[in-house]
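Overview (structure and organization)
Letter by letter, the chains look like this.
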Amino acid sequence: MLPDCVLPSIDRILRLCASRRPWFLVLAGFLVVVPAEAAPLGGIRGIVVDRDFGVPLPGARVSLVEAALVTRSRDDGGFIIEHVPIGTYTVTITCDGYDRETVTSVAVSEGRLSELRIELLPEVIDMEELVVTGADLLGNSEIAILEIRAESVTLQDSISAELISKAGAGDAAGALKLVVGASVVDGKYATVRGLSDRYAGTTMNHVRIPSADPRKRAVQIDLFPTGTIDSVTVTKTFSPDLQGDFTGGGIEIKTKSIPDSRVLDLSISLERDGEASGNERFLTYDGGGVGSLGYGLGDRGFPELANQPLPAFPSANYNASAQRVADAEAWDRFTKVFDPVIGVSRETPGLAGGLSLVAADRFPLGGDRVLGVMGALTYSHKYDFFENGENNVVNVSGKDSGFGGAERSDSRGLDELLIGTLGTLVYQQGDDLEIALRAVVNHGAEDEARVQEQSFGADQVEQNQTLRYVERGVRSIQLAGIHRFSAAALPRGGIPQIDWTIASNRTRQDEPDVRFFRNRYDGTNFFFPVGSSTPQQNSRRLFRGIVEDNLQVFTDFTLPFGAGGDREGKLKIGLWFDDTDRRYGQDSFFYQFTPTLGNSDAARFNNAFATYSNPLPGALWTDVFLDAERIGLAGNRCPIGMPSFACAPPNQLLWAILPAGRDVDYSGEQRIEATYAMAELPLPGRWTVTGGARLELTEIAIDPFTRSGLLEVIELQESGDRALVSVPAATASVSITDRNLLPALGVTWEVRPQMNLRFAWSRTIARPTFRELAPVATEEFIAGDEFVGSAALKLSTIRNWDARWEWFRKSGDVLAASLFYKEISDPIELINFGVSDRYFVQPVNYETGRVKGFELEARTALPVDGLELGANYTWIDSEVDVPPAEIDSLDDYGLDEVSRRLQGQPEMLLNLNLTYDNDRRGVSAGLFYTYTGELLQTGAARGGGDATPNLFEQAVGNLDFKIKQQLWEGFSVSLKATNLLRADRETVYRTPDGHEATKSRRDTAERLSIAAAWSW
């Protein structure tokens, strides 16, 4: 029986597919009724000997990479692997004290044993007993990953669980930093070869996980703890069996598989952040923090009473009727139902920490049937803090005017939580049938308290406070199957195979009760509202939420065929269907003060609440702003029917909260249907050609909604300025239908054994996200940048050229050099501009863009036993052609450029790692350095009378270290130090003539952690 949570998803699949594409039901029926018959089997027999002396080597480990079969040589050096499906395999042999040996293209025929003689070259003179302490090398080791990469028909770069463990990466984002050409933006979003997240798709077990982030297309890969990850692979060239928008890279997160024996691993860690832990100045707020588990919004949730209808806001009147007083009482209740905290406070955080638990086992069911079960739990809690940073406003008002704007200090405290769970149930029947049910539930929470200050003259300071709690979640339920029809095997050993997957995904992001508050104060600590702003620009409370449901159904049929000699070709066809629905909602409110009429003592007393005075250092207006006597109904009101100028009107309200009235909700729908065909054809001379095409249909629709029926959009005027204009919500709807034929061609030449030369060409696309199409403005703090979509966006098309030379000199080693070039039509770029004292970031289509670069990679063992070095370097050169109208509009400000860099890409990437392993002493250590070059965040644009220059994120380097010591069997301790360089993070505005001004700057802290791990 399937779990209850899966049954509604399958029911939805059948109803939806039947209504849209009946052939999916036909295919599903075919998968059910086609029986799996016994596969024709063969085997491999051989002997392992010392190359110098010819003596047999007992205990050598012999592994079949593709079949995941392992055995050991006997005392006479002989070995045998039986029950091997016919086909071609890679065999690896390891023995303590000897170099690892790899034999490729080992053919297995039906009913026969292939013979091998393996000669190992001694690595050291003295031989010691081999002690195996880890899990199967084939599943998650660097050697296995490199062997699979060498046999791949596409350009791949991978990192295994083995290297992830050495690096001490806590999540997939940290792991991806170790992949050549890859970088991670904001600690969450993957960038490959300099192309931003829109060009890199992320899948988990080949299932695409939708994003709940309102600003990004990319999945927040920090939601995937490494405790559940087996490997991370980046495929850098497109092939038709990949999704059509995998341009810069297809990022595949493979979750842990079922081991050969029972596994129970537990790890507990404690972490100290150099700036946050023990710092009494850490920023938070009353009721803040992610809590012990982070689940549930608690007091942050939208108050139930706030959903009740409200009367018209009352005007204070001494002759108010009973009804008007009742109306004021309703507003009093409404105002006081919200959490009475709107400002920051300081609290000393303790140590952070984490926990990882993995349990798995196999259960024989008789015959060749096996049931595998695995569960994993990862928990991580961290703090981050910076103080006295910068977050400035910069603009240009004329060609020779220089920079204008304002300087703001910036301090922030962040409390982060990540919980990941994984459950896997796998049924295997011999080599012909595998059915897997996987459930992944990941939950992340962030709680942020932030303060910014800006000086106005000698005695005025403007304060800007933000309280922002965010919960992010991903749930994916996947049912997948592999059917091998060995009864239809070809004479040369090919076995037809069908792979299918049904996946139901849900992602969400909740931002309950985001609180913004802005005020000014003078040298006497007299606090007052910003007079040049409206109440909505001085205080706000937002309740935002996104829920996205996604259904994916896809299947592949692979037919191997003999291609002469011991080589095998493949024909592959497939169908793919993706259905996504998004719902976005926002409710926002602001505080408004109603002055009391007259000049009585009561009026003067009440009106004093419009400001605040406290001479004590460090005082904040927000400390008292929502005190009961300052909000809602005044406490000194006259009784109804007894007007007196010695008291306030009977319906007198002080500070009250009102709906903002400009919220935009939207629904979004995306449908993608695809079919593809491709073939892998071996040719004489050790050449292999892979080619085919994918036909992909895209349908995207956005329907915005406002209560007033109007919404604000950005309009480009004839003058070149941008302005905010109100339009009917219906005119901002979006409907896109696009059909693309995406061909791909790859050529691989095996120059000699373990050395390949690869060439690839393909055509791909990039889609705008829901958020980029929706006319909704979101901001991180008052007077900060607001992201707003554009209904005019269209899909980008990309032509890709790639070449790579790679040499797997010996097992575990690789040398590689790659070249790449991409031409992009209609690239989607982000621009930055100001309108009506607001600052916007908006996506727009430019005309054409180009990316070119090269990659160098090396991994090798050093002369010192157990010491290995890994290095990779990526150089990237990109440009995008600025539209002529944009060039003309920026000419008045000296910001005009014919072309500029492509947004979101670094100039270069460098990864260095030095690892040491000594199994005899139980010691492993690693030193990891990453360097990310400067990248363009947003492009220059003209706003409402001013212009904003290009914004660049400065280059930054990072150094991490980890050491692990096994104290006794099954128990180890490790020490990890990250961000040892403590490099500042900085962004700068820059004009074409090289003048710069700082946009933002913050310092960073080193992190030290200690962990204890048990394995039973």
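Please refer to the structure placed before this passage.
Every chain is numbered independently, its residues counted from 1 as its sequence is written. It should be noted that, the model being predicted, local features are given only for residues of pLDDT at least 70 and side-chain atom pairs only at 80 or more, the latter also being counted only at that level, while totals for whole chains, interfaces and linings use all residues. The basis for every side-chain value is the complete set of non-hydrogen atoms in the structure, without hydrogens or water.

The next point concerns the state of the cysteines. By disulfide we mean two sulfur atoms from cysteines, separated by a distance within 2.5 Å. Here the structure, examined in full by the defined rule, presents one disulfide. Between Cys638 and Cys647 runs a disulfide, and the two sulfur atoms are separated by 1.8 Å. Residues Cys638 and Cys647 are joined through a disulfide that is right-handed, its torsion about the S-S bond being 110°.

Here we come to the nonpolar core. Judged by nonpolar contacts, the single largest core of 32 residues is most densely connected at Phe334, Phe338, Tyr591, Trp621, Phe625 and Trp655. Secondary structure elements are defined from DSSP: runs of H or I of at least 4 residues count as helices, runs of E of at least 2 residues count as strands, and each element is numbered from the N terminus. The set of elements that each furnish at least two residues to this core consists of helix H7 (322-336), strand E25 (497-522), strand E28 (568-593) and strand E30 (655-659). Any pair of residues with heavy atoms lying within 4.5 Å of one another is described as a contacting pair. Each residue touching Trp621, except ones within four places of it in the same chain, is listed here: Phe517, Asn519, Phe527, Phe528, Pro529, Phe609, Ala610, Thr611, Tyr612, Arg630 and Trp655. Grouped together as the second largest cluster of nonpolar side chains are 26 residues, Phe238, Ile702, Ala744 and Ile828 included. Take the buried Ala, Val, Leu, Ile, Met, Phe, Trp, Tyr and Cys residues and link them wherever side-chain atoms come within 4.5 Å; each set so joined is a nonpolar core. Exposed residues in this analysis have more than 50% of their type's maximum accessible area, buried residues have under 20%, and partly exposed residues fall in between, with area computed by a 1.4 Å probe over protein chains only.

Any two strands with at least two DSSP bridges between them are considered paired. One open sheet accounts for four strands, arranged E3-E2-E5-E6; its pairing is antiparallel. Both outer strands of the open sheet, strand E3 (69-72) and strand E6 (101-108), are each paired with one neighbouring strand and no more. Strand-to-strand, the axes of this sheet are offset by a mean angle of 25°, without reference to chain direction. Geometry is summarised by axes, namely lines fitted to C-alpha atoms with helices restricted to the contacting stretch, and by angles between N-to-C directions that run from 0 to 180 degrees.

Attention now goes to the pairing of strand E44 (residues 867-881). Sheet analysis places strand E43 (residues 848-861) next to E44, joined by 13 bridges and oriented antiparallel. The residue of E44 that forms the bridge with Glu857 is Asn872. From the end of E43 to the start of E44, which pair antiparallel, there are five residues, and Gly866 there has a positive phi angle of about 90°. Both E44 and strand E46 (residues 908-918) contribute to a ladder of nine bridges, which runs antiparallel. Bridging across to E46, Asn872 finds its partner in Asn911. In this sheet, strand E45 (residues 899-900) lies alongside E44 in antiparallel orientation, the contact comprising two bridges. Residue pairing for E45: Val880 is matched across the bridge by Arg900.

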